[in-house]
Each structure stands twice: as structure tokens, then as C-alpha cells.
Amino acid sequence: MKTWFARLLRGPPPSRPTANREADPVAAPLAMPATRPDLLIIQALGQRHPSGRGGEVILVNLLPRNAEWPIALDTIPLTDGGERMTDVLVGTHEQVGAGIKLGPNESLALTLREGGSIRLLTHPWSGAVRLMWQGREQEIDLYAAKTATIDIDLPGPAEAATTTILRPDPKVAQAALEATLEGLGSALRLTLERLSASGSTHSRVVAVSTPRWRGVTAATTALFQATFPMPYGIEGHPDDLTDQDIESYARVLAVLPIDQIVISGGDRFFLKLIDAVEAINPRITFTLLWHSSYLQIGEPHDLALLTLWLDAARDRRIRRIGVVKRGMEAFFQRFGIDAVFVQNAVPFTASDVVPTRNTQRVGLWLSGSSEYRKVPYNTLCALSLIDGIELTGSGFDPRAMMLARELRLRAPEISPTPLPHAMMLRHMRRTALTLYVTVSECMPMVPLESIAAGVPCLIGPSCHLFADDPVLRELYVVERPGSPDHIAGRIREALKAWPASFDPLMRYMADYNRTSVETVDRLIA
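Residues numbered from 1 in each chain as written. Predicted model: local features only at pLDDT ≥ 70, side-chain atom pairs only at ≥ 80, totals over all residues. Heavy atoms only, no water.

**Some points on the sheet that holds strand S20 (residues 390–394)**
- What the five strands build is an open sheet, ordered S21-S20-S19-S22-S23; its pairing is parallel. The open sheet terminates on both sides in strands that have one partner only, identified here as strand S21 (410–415) and strand S23 (457–459). Here the average twist between neighbouring strands, direction ignored, is 20°.
- Sheet topology places strand S22 (residues 433–436) next to S23; three bridges connect them, and they run parallel. Opposite leucine 435, over in S23, you have leucine 458 as the bridge partner.
- Here helix H10 (residues 445–452) sits on the sheet in contact with strand S19 (361–365), S22 and S23, set at roughly 175° to S22. (Pairing = 2+ DSSP bridges. Helix = DSSP H or I, 4+ residues; strand = E, 2+ residues; numbered from the N terminus. Axes fitted to C-alpha atoms, helices over the stretch in contact; angles between N-to-C directions. Contact = heavy atoms within 4.5 Å.)

Here you go:
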């Protein structure tokens, strides 16, 4: 959810009723202090919604205007109360990193000379917050039945005021969604017509994915030529989709000139989407592209989803399952399910790729979704063994941020939260080597994106990349991902081998991408 604070610049907001909130016993009226124009005050009022369980306010992100990196929240002084938090969760399993929690009567002062944006948590324990900026103030009720976040934009002194709707009327929000989906549907229809005119095998197939899951969506847009986001927007959480929302999406998809919808991912709402589309157009069939690995069966959330999709396949609600973990198709076939392997890819033209010239900066790009599978700590320890190395990266959890400081790593640009995809790629191109030494993978997108950007990448031994090329495997696969000294040695060797290894890497990836196209064709055949 996103909102704008610009309305505050037009004058004091109208008074709002407070009968729908209850005050915590310790809460008291808060006097507005005299503030500088560049000072943002966040105050927890200690008031809660009738259905709320508390009155807390949690800040999870602070991004100054024109800055690419958010401010590390653990560097902000807590002068008027507040508690530092680690491992803040949104939804069922998405970690957003560190946070600052304010209780009743507590406040936080932040300097934003040119404005910027803040992100606050909304959940059943959230209460009312007062924001004071440029001499104006406004209260926002942060209560939400399901955990999510709200982005609040703070216009700089020179920015014009625009209209804001902090809590839009449901009918207005639904009308806006319908209009957005109508535009997306029209654009998608044009894409399908273009594919049909070119004779593409993808001309009657649309792949649907959830933008919030960055890796899954990056893979989907690389593999399929006609894609559809659901829910629309990078911040939309699938758990927040209502039945009415799902029906709105279904009405757009059901009337497209297609025979097949590929569900890329596996969130529960997709099963409702199948029912809603079939009710309108029973001719459309469904295929699942499963992005999890064997190890994730140990996660209760993933196991529950896997069970649902196994049942859906047995009930013929989906015609085929594709897997991006090589060999996992045999697991599904043991259940009598039609399953095939699909190889992730990042299409590129080798002649357009410029090899990196950086020699000392390495990148560590994480989604923040899993520490036990994508452990950064061993890699950080390895970097402490290499003289003159500099680190940049994003998606660092609080422990990784603390470890980088304790090891005194040269890391002027690291973010506790994942960067937007385009921004990550831009920073990736400025590095000498990407580090993606993980313990369990299907076929991760970060190494493929790195190579397509002209930057080599170290990976762990759990995926099939470079398995059929002994030379590249020796250079770029870390066989002992739990050993910092071994990782450090592989980093030194990979840096020394560049740029001589650039041409062999480009030739390998050209063959790799051709194979990927063939696997997608088998999925949708």
C-alpha cells in the first residue's frame, strides 16, 4: 500500500472522529514540539482500533529523497523511547529486516532535508500514529487485520502538493483496480496478437506470477513472452487478495485469446483463480511452474502449498507441473503426475555484454526470504580474509549487518532491505564478482542476471549450473559452502581468472539459454 503526505502541505487536516479507537491506559495527549522544516516526527499515540490488539507503531524503512540506499535503522538514535527490533515479518513468511517499535507516548525524530519516504508496519497490534512534517501534522490508523506495510511519501520543500487517500473507500479502490486491470488486459492482448503474427509458440499462453516474490517473477518474465502480475504492484501481498479481487483478475484473463495459463509460483489464491476463470471460460487449461526445492519441504508453509498442488494435479485441475530444480520432476512423476524440468534463463545477446572492469568490489544480493538456505555469514567471514576487498549488497538481515560491522569489512553501500530489481542490476554492474554461495537452490536468478550483466558469479554446489563444464565449474562453483577459507580461495581465483574467462562464459550461457527455450516449449506443449 502506498500513500502520499502532500496533503499536509495544504493546511491542517480536518478533525477526525476518535470514537472508533480505544486509548491504552498509559496514553496521554502528546504536545506537538516546535520542529525544523527538515525534521520528521513520528509519534505513537497509544490509541487502537476496536478490533486492534495494541497501539504500537513500527518503522521498517527510511529512504531519503534521491538516495538509492535506505538509512540503516540501527544507526538512528532513540532519544525519546522506542525499541530496536530484528527479524520483522510481513505476511506469513517474508522477512523485512530490522525495525524500530514505538510504544504509547514514544516518538522518533528523523532528518530528511529533501524529503523521502518511510515504511510503517500495519497489523493487528498497530495503533494510531501522528506524523509531523514541515509544520503540519496528520494522524493515521495503522491497524490492519493482516500484516502488511504502508509507504508514506514525504515531499521535499520544492515539490508540489498532490491529492492523497490514506484509507481509500473500498468501492473507490475496487474501481481503481478494475481500471488498472482493464489497461493491463488490453496491453496483454496486443502482446498476444504480436506473438501470433510472428508464429510464436507462446501466442496462446499467459504466465501469472506474484511480483512481491522477486526471484519467481524475474524467472517468469524471462521464460515467458506474455506475463500477468497478480496482485498488481510490487508491494501487494497475495494473502491480502479478496475473493472479489480474484474474480476481477479472472474476468480479464478469461476473455483473452489463450488456451493455457501457467501459474508460476504456488500461492493459495491461485486455486481460487482457477475456479474463477473456469467458471467464465472452461476451455482454458492450467499448468503449474513450481519454484521450490526438496529442502523447502521442511518448511511448514511450503509443505502445505505442495500438498494442495499435489491434490490439484490428482484432481486434474492442472494438466502438468514444471519444476526448476533439475531432477525434481521424477518426484512428481512418482505420484503419477505429468511433470517436466524447466530451466531458468536470462536471455541476452553475448555481443551486447560488456565485461566488468572492476577488480575489487564484490556484490552479495539477497531477497531476505531465507537465512538457512541462503546463508550470508560464511561469505562475510570469507571476505574478512581477503585484503583490499570491498563489499556492496542488499537484503542483509540484522545478524549479517552486525557481522559485517564486527569484521570491519569495507562496505560503504549495503542495505538491510532488498533493492528494487532495476536498481540491484545497476549496482551489480559496478562490481567485479557476485557472491551467491548458498546451500540449497533450484536454479537461482541472481547468478544468471549477473553473468548477463558482464559480471561473473560464485555459486554453491546445489544447482546444476556449470555441472557440464569442468573448467567453469572449477572457477565458479564453491564445493564447500560452509568453509570461509575455501570461499576466500575461490574468490581470489575467480578474480584472477577475469577477464580471460569472459568468452568461455558467454559461449556456455548461449548454449544454456537455447536449452532453456526447449524446456519451456515442453512445458506448454
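**Let's talk about the sheet that holds strand S15 (residues 260–264)**
- Read across the open sheet, the six strands follow the order S14-S13-S15-S16-S17-S18; overall the sheet is parallel. Each edge of the open sheet is held by one strand with a lone partner, namely strand S14 (227–229) and strand S18 (339–341). The average undirected angle you get between the axes of adjacent strands in this sheet is 25°.
- Two strands pair when backbone bridges link them, and S15 and strand S16 (residues 285–290) are joined in this way by five bridges, in the parallel orientation. Pairing of glutamine 260 across the sheet is with threonine 285, part of S16.
- The strands touched by helix H3 (residues 243–254) are strand S13 (205–209), S14 and S15; relative to S14, the strand with the most contacts, the crossing angle is about 165°.

**Notes on the pairing of strand S17 (residues 320–323)**
- Of the two faces of S17, the one holding Arg320 and Gly322 and the one holding Ile321 and Val323 are both buried throughout.
- Between the parallel pair S16 and S17, the chain is carried across by helix H5 (residues 300–314), and the sense of this crossover is right-handed.
- With three bridges joining them, S17 and S18 adopt parallel strand pairing. Of the residues in S18, the one forming a bridge with valine 323 is phenylalanine 341. (Buried < 20%, exposed > 50% of the residue type's maximum accessible area, 1.4 Å probe, protein only. Right-handed = clockwise from strand over helix to strand, strands pointing away.)

**Brief notes about the confidence of the model for the chain**
- Averaged over every residue, the pLDDT of the chain is 84; residues scoring 70 or more account for 86%.
- A low-confidence stretch, residues 1–34 stays under pLDDT 50, and its non-local contacts, those more than four residues away or across chains, total 88 contacts.
- Taken together, the stretch residues 159–168 has pLDDT below 50 and engages in 28 contacts with residues farther than four places along the chain or on a different chain. (pLDDT = per-residue confidence, 0-100.)

**Some words on the pairing of S13**
- Counted residue by residue, S13 has five buried out of five residues, so it is predominantly covered.
- Burial along S13 is two-sided: the residues Val205, Ala207 and Ser209 and Val206 and Val208 are all buried.
- Relative to S15, S13 runs parallel, the two sharing four bridges. By the bridge assignment, valine 205 is partnered in S15 with glutamine 260.
- As paired elements, S13 and S14 share three bridges and run parallel to each other.

**With respect to the pattern of salt bridges**
- Applying the stated criterion across every chain yields a total of 21 salt bridges.
- Linking glutamate 441 and lysine 374 is a salt bridge whose minimum nitrogen-to-oxygen distance equals 2.9 Å. Placement of the pair is glutamate 441 in the loop between S22 and H10 and lysine 374 in the loop between S19 and helix H7 (377–383), with a sequence separation of 67 residues. The pair glutamate 441 / lysine 374 is uniform in exposure class, with both members buried. (Salt bridge = Lys/Arg side-chain N within 4 Å of Asp/Glu carboxyl O.)

**Comments concerning the state of the cysteines**
- Tallied over the full model, the rule gives zero disulfides.
- Cysteine 442 takes part in no disulfide bond, and the closest cysteine sulfur to it belongs to cysteine 463, at a distance of 9.3 Å.
- Judged by its relative accessible area of 8%, cysteine 463 falls in the buried class. (Disulfide = S-S within 2.5 Å.)

**Considerations on a nonpolar patch on the surface**
- On the surface, Leu295, Tyr372 and Val439 cluster together into a nonpolar patch covering about 250 Å² of accessible area.
- Structurally, valine 439 is set in the loop between S22 and H10. (Patch = residues over 30% accessible without salt bridge, like charges linked within 9 Å, V, L, I, M, F, W, Y side chains within 5 Å. Areas by Shrake-Rupley, 256 points an atom, 1.4 Å probe, with all protein chains shown as cover.)

**So, helix H9 (residues 421–428)**
- Those residues of H9 lying buried are Met423, Met424, Leu425, His427 and Met428.
- Summarising the contacts, the buried residues of H9 are in contact with S19, S21, S22 and H10.

**Digging into the nonpolar core**
- Counting residues in each nonpolar core, the largest one holds 62 residues, and the members touching the most others are Leu391, Leu458, Leu465, Phe466 and Tyr476.
- When residues in this core are grouped by element, the largest group, six residues, is from helix H13 (residues 502–524).
- Judged by nonpolar contacts, the second largest core, of 45 residues, contains Leu192, Val252, Phe269 and Ala276. (Core = buried A, V, L, I, M, F, W, Y, C linked by side-chain atoms within 4.5 Å.)

**Regarding the packing of aromatic side chains**
- Enumeration according to the criterion identifies eight aromatic pairs in this entry.
- With 5.7 Å between their ring centres and 85° between their planes, tryptophan 498 and phenylalanine 502 make a pair best called edge-to-face. With respect to class, tryptophan 498 is no different from phenylalanine 502; both count as buried.
- Grouped by ring-pair contacts, the aromatic residues Phe466, Tyr476, Tyr508 and Tyr512 constitute a single cluster.
- Positioned over the ring face of tryptophan 125 is arginine 53, at 4.8 Å from the centre of the ring. (Phe/Tyr/Trp six-rings, centres within 6.5 Å; stacked < 30°, edge-to-face > 60°. Lys NZ or Arg CZ within 6 Å of the ring centre and 35° of its normal.)

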